[in-house]
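Coordinate inspection notes
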Amino acid sequence: MEERITGHTGLLALIGSPVEHSGSPAMYNYSFARLGLDYVYVAFDVKKEDTGDAIKAMRTFRMRGMNVTMPCKNEAVRYMDRLSPAARLMGAVNTIVNDGGVLTGYNTDGEGFVRNLAEHGVPVRGKCITVAGGGGAATAIQVQCALDGAREIRIFNRKDAFFARTLETAERIKKEVPDCLVQVCDIDDEAALGEAVGASDIFVNATMVGMKPMDGESVVKDTGLFRPDLVVADVVYNPAKTRLLREAAQAGCTCVTGKGMLLWQGVSAFRLYTGMDMPVEEVRERFFKE
Ligand code: NAD
């Protein structure tokens with residue numbers, strides 16, 4: 001370490017709260033060292049109300065980049081000089097690149113999801129996709145799939161605080177990507193969910209369900225909805241194999257875990273910071289083994 005960090009070393013960081021269990025510092029620092037890049041990556045616990053100060057510090061310290069996690073993702077948008085089309089549509093930033101004082105906000109979460117599907121031989125172009133969820137991960141997936149040519153997106157959420165956000169996301173997609181059909185339904189409407197899954201090529205769980213303390217639960221109550229030509233993806237990565245994916249696998253569905261999305265969103269961010277490819281296979285082997 002004392003040989004690697006000098007007065008020239010550039011700084012990158014993750015901001016959000018909590019961040020102490022994040023795998024990002026290990027993934028990025030390994031990749032920097034492996035490729036001989038003179039950067040170091042740390043994590044700072046930053047509360048939502050301190051997002052602006054953290055981004056101001058990024059300018060002061062001439063940091064090359066930042067990843068942004070909850071609860072700062074939406075707030076960070078306000079402090080960007082430029083936004084990528086996806087970040088603007090999502091209203092959230094997970095990657096900030098500092099080019100000589102000009103900050104550009106990107107959102108690679110949806111890209112990570114799409115690249116992970118592609119790695120499983122599943123393109124989103126022309127597909128009908130049902131997505132459960134209306135929070136950060138769900139919005140990123142809905143927007144990116146629309147931008148990448150999905151034919152139709154059916155959004156399901158329970159009638160909680162996120163429901164209004166799903167309606168807003170649907171409106172934004174309709175306006176910006178008019179070729180993509182979008183529909184929003186209550187997830188407790190089991191008949192509508194059944195009809196949507198039946199009409200879909202891909203079903204995605206982008207809710208908290210499946211993650212602790214809901215690790216024994218699944219958003220799909222009727223396992224009869226699973227059929228072998230349905231692709232089922234989960235954003236939850238801990239546990240890697242959620243109840244949803246276990247039940248879908250039993251029915252012969254192609255199953256895609258959330259760990260791959262996490263890896264690929266990092267790969268996309270790494271390229272934005274460095275212009276180089278992360279050593280994906282080594283990183284996967286070291287940090288993303290399932
Ligand atoms: P969020 O708080 O923004 O959204 C939570 C979503 O879960 C909302 O749609 C909410 O309505 C829904 N929800 C919560 N409890 C529910 C219940 N009991 N029944 C039905 N729906 C319920 O959260 P987020 O940031 O979008 O994260 C959601 C999940 O995605 C988490 O497990 C997170 O770890 C995961 N995630 C994964 C990646 C990845 O790269 N794989 C990236 C981001 C988030």
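Keep in mind that what you see is a predicted model, and the values were worked out from it rather than measured. (Residues numbered from 1 in each chain as written. Predicted model: local features only at pLDDT ≥ 70, side-chain atom pairs only at ≥ 80, totals over all residues. Heavy atoms only, no water.)

Some remarks on the site of the ligand
Neighbouring the ligand are 20 residues; Gly-134, Ala-137, Asn-157, Asp-160 and Met-211 lie closest to it. At 3.0 Å from a nitrogen atom of the ligand is found a main-chain nitrogen or oxygen belonging to Val-235. At 2.9 Å, a backbone N or O of Gly-258 approaches a nitrogen atom of the ligand. Coverage of the ligand by the protein amounts to 85% of the 860 Å² it exposes when considered alone. At the level of elements, helix H6 (136-147) and helix H10 (258-274) are the ones that each hand at least two residues to the shell around the ligand. When residues in the shell around the ligand are grouped by element, the largest group, three residues, is from H10. Broken down by class, the residue content of the shell around the ligand amounts to 11 nonpolar, seven polar and two charged. (Near = heavy atom within 4 Å. Polar contact = N/O pair within 3.5 Å; in protein donor to acceptor, adjacent residues only side chain to side chain. Areas by Shrake-Rupley, 256 points an atom, 1.4 Å probe, with all protein chains shown as cover. Helix = DSSP H or I, 4+ residues; strand = E, 2+ residues; numbered from the N terminus. Nonpolar A, V, L, I, M, F, W, Y, C, P; charged D, E, K, R; others polar.)

Overview of the domain arrangement of the protein chain
Assigned domains of the protein chain: these are domain 1 (10-107 + 262-287) and domain 2 (110-257). Of note, the centres of domain 1 and domain 2, computed from C-alpha atoms alone, are 25 Å apart. Each partner contributes residues to the interface: domain 1 has 13 residues there, and domain 2 has 16 residues. Interface area for domain 1 against domain 2, summed over the two sides, is near 1,300 Å², with a carbon-plus-sulfur share of 58%. Sorting the residues of domain 1 by area buried against domain 2 places Leu-89, Met-90 and Trp-264 first, and these three jointly supply 52% of that buried surface. Put simply, domain 1 and domain 2 have two salt bridges between them. Note that Arg-88 and Glu-176 form a salt bridge whose closest N and O atoms lie 3.4 Å from each other. At the surface where domain 1 touches domain 2, the tally comes to seven residue pairs in polar contact (both at pLDDT 80 or more). (Domains from an automatic or database assignment. Contact = heavy atoms within 4.5 Å. Buried area = accessible area lost by both parts, 1.4 Å probe. Salt bridge = Lys/Arg side-chain N within 4 Å of Asp/Glu carboxyl O.)

A look at unusual backbone geometry
With an omega of 0°, the peptide bond between Ser-17 and Pro-18 qualifies as cis. Here Pro-18 is to be found in the loop between strand S1 (10-16) and helix H1 (24-35). Put simply, Lys-212 and Pro-213 share a cis peptide bond, and its omega is 5°. Inspection of the secondary structure assignment puts Pro-213 in the loop between strand S10 (202-205) and strand S11 (231-234).

Digging into the pairing of strand S2 (residues 39-45)
With seven bridges connecting them, S1 and S2 associate as parallel partners. The residue bridging Leu-14 from the neighbouring strand is Ala-43, located in S2. Crossover handedness for the path S1 to H1 to S2: right-handed. (Pairing = 2+ DSSP bridges. Right-handed = clockwise from strand over helix to strand, strands pointing away.)

Quick word on the nonpolar core
Core analysis: the biggest nonpolar cluster contains 32 residues, and Phe-113, Leu-117, Ile-141 and Cys-145 have the highest contact counts within it. Listed by contribution, the elements that provide at least two residues to this core are helix H4 (85-90), helix H5 (109-119), strand S7 (128-132), H6, strand S8 (152-157), helix H7 (163-176), S10 and S11. By residue number, the principal contributor to this core is H6, which donates six residues. Sequence-distant contacts of Ile-141, defined by excluding residues within four places in its chain, comprise Gly-110, Phe-113, Val-131, Val-204, Ala-206, Val-235 and Met-261. Grouped together as the second largest cluster of nonpolar side chains are 21 residues, Leu-12, Leu-14, Tyr-28 and Val-97 included. (Core = buried A, V, L, I, M, F, W, Y, C linked by side-chain atoms within 4.5 Å. Buried < 20%, exposed > 50% of the residue type's maximum accessible area, 1.4 Å probe, protein only.)

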